[in-house]
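Descriptive structure summary
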Amino acid sequence: MDGQGGRVFRVMLFEPRIAGNTGSMIRVSAATGCELHLVEPLGFDLSEPKLRRAGLDYHDLAHVVVHPDLATALRAVPGARVFAFTTSGSARHSDIAYQEGDVLLFGPEPTGLPEEVARHPRVAERLRIPMLAGRRSLNLANAATLAVYEAWRQHGFAGSS
């Protein structure tokens, strides 16, 4: 574990649009100990019933930080490697040796990360999650969960029971 109170990895959702996906990621944050960073504008209100229902009673167990913009969000994670997840990524998500504090950056539904965000100077590498040919993309919460669990698996599921 690291000096972040057990929060080994960080997920950053850039301008998420669907409350249920963000609620699901709150639940994943609580289950895995990862930090969840939300970059505004959000496509919903944080008190929205769909968000609360998807996150259930996990809000108190999750570490969620809301940032007004990408620049502010990136300043909150100084020195961290940032991996942009995109269907045009050059490497597979499982090809990376994740380090404590890494940021897993995902774009909004349904468009994904804008090219200027995916190619931001702070982005260490653009990653993709393998899918069958001809498929558009995975659901945001599903993709982010896959990435979190791969990073956590590489660290022996530190802190889990």
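An unreviewed UniProt entry annotates the protein chain as Putative tRNA (cytidine(34)-2'-O)-methyltransferase originating from Segniliparus rugosus. Under the UniProt heading Sequence similarities (unreviewed entry), the entry covering the protein chain gives this text: "Belongs to the class IV-like SAM-binding methyltransferase superfamily. RNA methyltransferase TrmH family. TrmL subfamily." Under the UniProt heading Subcellular location (unreviewed entry), the note attached to the protein chain is "Cytoplasm".

A look at the nonpolar core
Counting 33 residues, the largest nonpolar core has Val11, Leu13, Met25, Phe85, Tyr98, Leu104 and Phe106 as the members making the most contacts within it. At the level of elements, β1 (10–14), α1 (19–32), β2 (35–39), β4 (82–85), β6 (103–106) and α5 (140–154) are the ones that each hand at least two residues to this core. For this core, the element with the highest residue contribution is α5, accounting for 8 residues. One finds Leu70, Leu74, Val82 and Val103 within the second-largest nonpolar core, a separate group that totals 16 residues.

Examining the UniProt feature "binding site: S-adenosyl-L-methionine" (unreviewed entry) in the protein chain
Per the UniProt entry, the sites bearing "binding site: S-adenosyl-L-methionine" (unreviewed entry) are Gly107, Ile129 and Ser137 in this numbering. Spatial clustering of the annotated residues is evident: they stretch over 31 residues in sequence, but the largest pairwise C-alpha distance comes to 13.7 Å. The buried category is assigned to glycine 107, whose relative accessible area is 10%. Those residues within four positions of glycine 107 in sequence are excluded, and the remaining contacts are Phe14, Gly112, Leu113 and Leu140. Within the secondary structure, serine 137 sits in the loop between β7 (123–128) and α5. In this structure, serine 137 is in contact with Thr87 and Met131, ignoring residues within four places of it in sequence.

What counts and what doesn't
Residues numbered from 1 in each chain as written. Predicted model: local features only at pLDDT ≥ 70, side-chain atom pairs only at ≥ 80, totals over all residues. Heavy atoms only, no water. UniProt positions renumbered as here; feature names shortened; annotations may be inferred. Core = buried A, V, L, I, M, F, W, Y, C linked by side-chain atoms within 4.5 Å. Buried < 20%, exposed > 50% of the residue type's maximum accessible area, 1.4 Å probe, protein only. Helix = DSSP H or I, 4+ residues; strand = E, 2+ residues; numbered from the N terminus. Contact = heavy atoms within 4.5 Å.

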